[in-house]
Amino acid sequence: MATVAAQISSRGANLIAVIADEDTVTGFLLAGVGNVDLRRKTNYLLVDSKTTVKTIEETFRDFTTREDIAVILISQYIANMIRLTIDAYSNPIPAILEIPSKDHPYDPSQDSILSRVKHMFSGEPASASRQ
């Protein structure tokens, strides 16, 4: 069985994707995370009041199928908008990490990854920890 590092290397996955509000995306772009490929596809989605849930879901699905993305950072309040889609995703690569934003603090009870880890070690259903 291949290690996660070998899977990332074999996929050519070397990018971090970001789905977040303007301040969060700007911070990551200033840190050097941004990328635009030859087809003018970016590795980030700036979510504002005009962004539809459908657009967020489509971008999430696109990021999870791209070979060049290893990690997807998504603001937790945005992840809550597409919670069923995120909960249905189970591949190790790209890894999904829920992050806080300036206006929405991190809530561990809403984090799907954390609930999966609790489920692995406690035996309780993963959805039970988020009720």
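Our structure's up above, just so we're on the same page.
Residues numbered from 1 in each chain as written. Predicted model: local features only at pLDDT ≥ 70, side-chain atom pairs only at ≥ 80, totals over all residues. Heavy atoms only, no water.

Peer 1: Is there a simple way to explain the packing of aromatic side chains in this structure?
Peer 2: By the definition in use, this model includes one aromatic pair. Considering the side-chain rings of Phe60 and Tyr89, the 6.0 Å spacing of their centres and the 80° angle between planes classify their relative orientation as edge-to-face. Here the residue Phe60 occupies a position in helix α3 (residues 53–65), and Tyr89 occupies one in the loop between α5 (83–88) and β4 (95–99), the gap between them amounting to 29 residues. In this structure, Phe60 and Tyr89 share a single accessibility class: buried. (Phe/Tyr/Trp six-rings, centres within 6.5 Å; stacked < 30°, edge-to-face > 60°. Helix = DSSP H or I, 4+ residues; strand = E, 2+ residues; numbered from the N terminus. Buried < 20%, exposed > 50% of the residue type's maximum accessible area, 1.4 Å probe, protein only.)

Peer 1: Sorry, what's going on with the side chain of Glu98 here?
Peer 2: By the secondary structure assignment, Glu98 is in strand β4. Here the side chain of Glu98 touches Gln76 through a polar contact of 3.5 Å, side chain to side chain. At 2.6 Å, the side chain of Glu98 forms a polar contact with the side chain of Arg83. When sequence neighbours within four positions are dropped, the list of residues in contact with Glu98 reads Ile74, Gln76, Ala79, Arg83, Ile86, Tyr106, Gln110, Asp111 and Ser112. (Polar contact = N/O pair within 3.5 Å; in protein donor to acceptor, adjacent residues only side chain to side chain. Contact = heavy atoms within 4.5 Å.)

Peer 1: Where do I start with the nonpolar core in this structure?
Peer 2: Across soluble globular proteins, nonpolar side chains show a tendency to be buried alongside one another. Among the nonpolar cores identified, the biggest contains 17 residues, and Ile19, Ile56, Phe60, Ile72 and Ile74 are the most heavily contacted of them. Counting residues per element, the ones that place at least two in this core are β1 (15–20), α3, β3 (69–75) and α4 (76–81). Once you skip the residues sitting within four places of it in the chain, Ile72 turns out to touch Ala17, Ile19, Phe60, Phe63, Thr64, Pro94, Ala95, Ile96 and Leu97. (Core = buried A, V, L, I, M, F, W, Y, C linked by side-chain atoms within 4.5 Å.)

Peer 1: Would you take a moment to explain the sheet that holds β1 for this structure?
Peer 2: Whenever strands of a sheet pair, they do so through backbone hydrogen bonds, lying parallel or antiparallel. Pairing in this open sheet of four strands is parallel, and the strands run β2-β1-β3-β4 from one edge to the other. The open sheet is flanked by β2 (44–46) and β4, the only strands paired with a single partner. With strand direction ignored, the average angle separating the axes of adjacent strands in the sheet is 20°. In this sheet, β2 lies alongside β1 in parallel orientation, the contact comprising three bridges. Bridged to Ile19 within β2 is Leu45. (Pairing = 2+ DSSP bridges. Axes fitted to C-alpha atoms, helices over the stretch in contact; angles between N-to-C directions.)

Peer 1: Looking at this structure, I do not really get the pairing of β1. What am I missing?
Peer 2: On a regular strand, one side chain projects to one face of the sheet and the next to the other, so that they alternate. Burial analysis of β1 places five of its six residues in the buried class, the great majority of the element. Pairing of β1 with β3, which is carried by five bridges, proceeds in the parallel orientation. Note on β3: the bridge partner recorded for Ala17 is Ile72. For the crossover from β1 across helix α2 (residues 22–30) to β2, the handedness is right-handed. (Right-handed = clockwise from strand over helix to strand, strands pointing away.)

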